[in-house]
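# Remarks on the overall topology
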Amino acid sequence: MKKYDVLLFDVDGTLLDFDRAEEMGIEGLLEHYGVPVTAENKEKYHHLNKSYWERLERGEITRDQVLSLRFEEFFGDFGISVDGHPVPPSGQVGPGPVF
């Protein structure tokens, strides 16, 4: 029997639904900050979030910058100043994980 040194699993979109988790997280944050929970606002966040992760992949920014700046920029467009640093699970806002 052949032995493997590494076994990788791709669970995104199979065992884990990151798109739904992102949607639930942003819905909770929109409600928390009094921003209308609309398809347009959720889509706006989705595209902004994706652009930050793409910048990370290109080496333009760090992971910590992705995790903070996307929220600061998104809510800044609504005139809301936020501290974009991740909230620990015990201080979580909304119905699901904060992304």
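Data block above holds the structure.
Residues numbered from 1 in each chain as written. Predicted model: local features only at pLDDT ≥ 70, side-chain atom pairs only at ≥ 80, totals over all residues. Heavy atoms only, no water.

## Focus on the packing of helix 1 (residues 18-32) against helix 2 (residues 39-57)
We apply this condition: To get an axis, fit a line to the C-alpha atoms, keeping to the stretch in contact for a helix; angles then go from 0 to 180 degrees between the N-to-C directions. Labels follow the DSSP assignment, with helices taken as runs of H or I lasting at least four residues and strands as runs of E lasting at least two, numbered in each case from the N terminus. Comment on the angle field: the value is read as roughly parallel under 35 degrees, roughly antiparallel over 145, roughly perpendicular from 65 to 115, and oblique elsewhere. Here a crossing is called left-handed whenever its near helix is offset anticlockwise from the far helix by less than a right angle, and right-handed whenever the offset is clockwise. Here, residues are in contact when the closest pair of their heavy atoms is within 4.5 Å.
Contact geometry of helix 1 with helix 2 gives a least axis separation of 10 Å together with a crossing angle of 120 degrees. Put simply, helix 1 runs oblique to helix 2. Pair helix 1 / helix 2 crosses with right-handed handedness. Across from Asp 19, Glu 22, Glu 23, Ile 26, Glu 27 and Leu 30 in helix 1, the residues of helix 2 making contact are Asn 41, Lys 42, Tyr 45, His 46 and Asn 49.

## Observations regarding helix 2
Selection rule: How far a helix is expected to stretch is found by multiplying one less than its residue total by 1.5 Å. The classification of residues rests on relative accessible area computed with a 1.4 Å probe and restricted to protein chains. Under 20% of the type maximum is buried, over 50% is exposed, and intermediate values are partly exposed. Taking the helix axis as origin, the arc is that swept by the directions to the C-beta atoms.
Here helix 2 spans 27 Å end to end across 19 residues, near enough to the 27 Å set by a 1.5 Å rise per residue. The complete set of buried residues in helix 2 reads Asn 41, Lys 42, Tyr 45, Leu 48, Asn 49 and Tyr 52. Angular distribution of buried residues about the axis of helix 2 spans 130 degrees; they occupy a single face of the element. Seen from the open side of helix 2, the exposed residues pointing more than 90 degrees away from its buried face are Ala 39, Glu 40 and Glu 57. Looking one or two places after helix 2, you find Gly 59, whose phi comes out positive at around 80 degrees.

## As for the environment of Gly 84
Along the chain, the position of Gly 84 falls in the segment after helix 3 (63-76). Under the relative-accessibility criterion, Gly 84 is labelled buried at 3%. Sequence separation between Gly 84 and Asp 64 is 20 residues, and the spatial gap between their C-alpha atoms is 9.8 Å. In contact with Gly 84, other than residues within four places in its own chain, are Leu 67, Ser 68, Phe 71 and Glu 72.

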